[in-house]
Amino acid sequence: MQKHSTVEVLGCSGSIGIPRQGTTCFLIDNDILIDAGTGLCELDFSRLEQIEHVFITHSHLDHICGLPFLIDTVGVGRAKPLKVYATLPTIRALQQHIFNEEIWPDFSKIPNAENAVMEYVEIKPEEELILGERRITTVDVDHTVPAVGVFLFTPTGGWCFSGDTHQTDRLFELINQSKKVDYFFIEAAFPDQEKWLADLAKHLCPSLLFGELQKLNAACEIWISHLKPREIHQIKKELQQYPGSQPLHILSAGMIFNI
Ligand SMILES: Nc1ncnc2c1ncn2[C@@H]1O[C@@H]2COP(=O)(O)O[C@H]2[C@H]1O
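Residues numbered from 1 in each chain as written. Predicted model: local features only at pLDDT ≥ 70, side-chain atom pairs only at ≥ 80, totals over all residues. Heavy atoms only, no water.

Here the focus is the packing of aromatic side chains. The way to describe two aromatic rings as a pair is by their centre distance and the angle between their planes. Taken as a whole and judged by the stated rule, the model has 13 aromatic pairs. Residues Y183 and F257 carry aromatic rings whose centres are separated by 5.0 Å and whose planes lie at 70° to one another, so their mutual orientation is edge-to-face. Linking Y183 in strand β12 (residues 183-187) with F257 in strand β15 (residues 256-258), this pair joins segments that are 74 residues apart in sequence. Residue classification places F257 among the buried residues on the basis of a relative accessible area of 5%. Among the aromatic residues, ring-to-ring pairing joins F26, W159, F161, Y183, F185, W223 and F257 into one connected group. Positioned over the ring face of F153 is K180, at 6.0 Å from the centre of the ring. (Phe/Tyr/Trp six-rings, centres within 6.5 Å; stacked < 30°, edge-to-face > 60°. Helix = DSSP H or I, 4+ residues; strand = E, 2+ residues; numbered from the N terminus. Buried < 20%, exposed > 50% of the residue type's maximum accessible area, 1.4 Å probe, protein only. Lys NZ or Arg CZ within 6 Å of the ring centre and 35° of its normal.)

Here it is in structure tokens:
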């Protein structure tokens, strides 16, 4: 069956340090971005120009740092505003700490507030947004700042991205209910010996991830993201010990998934 959409992994690393493996950024078809980490640097100008919608899962730098450069690069030439979708706390953080006229210009008022090149769109978790035949919903997850995971449903399939999270239940309830997620991207940022840091920084390590995956009651491929480069070999080794029946795959920039 011909699939409707693509999810292209531009970046899924937990930090910098591995060339061509940037931080979180996924491109759906050619026009929707999920997060704007350093992986966004993989796109040339002509592809940056095609982006119309940017969803930001949370305010941390590794998920937003490409956004100021994106709007600077494509803003002036745009016929309509670039839409930036996020929950209210994340929009407030972007306004206060990034687009505050000190770190970066406030592109939501450029060239003027009535006719700006960038527009914030507040999203409410579990509300559906329809973009053509693509339906996008978010779900609250548990991180050190307000954060969401993301679902994409198309006429031919589904995709779910956990975002950055510690242990969480609702995400799994929604995957299990939908029965339509083909690919599930979930994070494992730290090795087990740094579980203390995973708990503090509200991320997963392999043993926590294995516990989380026991909540999964749906047949989807599982892909692991956000491995911290300093410990990547140890995390991969620990992920091989997964006792579940499905294999765990390691996500990498450059991969493309048909949804
Ligand atoms: N208490 C901490 N000690 C050391 N590093 C931390 C601590 N809290 C957060 N971090 C790091 O800061 C990073 C911020 O982005 P991440 O949440 O991806 O991952 C986080 C950790 O790598």
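Turning our attention to unusual backbone geometry. In the segment running from I110 into P111, the intervening peptide bond is cis, with an omega of 0°. Structurally, P111 is set in the loop between α4 (88-97) and β7 (118-122). Residues other than glycine seldom take positive phi values, yet K202 does so here, at roughly 55°. Along the chain, the position of K202 falls in the loop between α6 (195-201) and α7 (206-213). In this structure K202 comes out as partly exposed when scored by relative accessible area, which is 25%.

Time to look at the UniProt feature "domain: Metallo-beta-lactamase" (unreviewed entry) in the protein. Per the UniProt record, the feature "domain: Metallo-beta-lactamase" (unreviewed entry) sits at residues 22-208. In residues 22-208, the share of helix is 25% and the share of strand is 27%. The end C-alpha atoms are 24 Å apart. (UniProt positions renumbered as here; feature names shortened; annotations may be inferred.)

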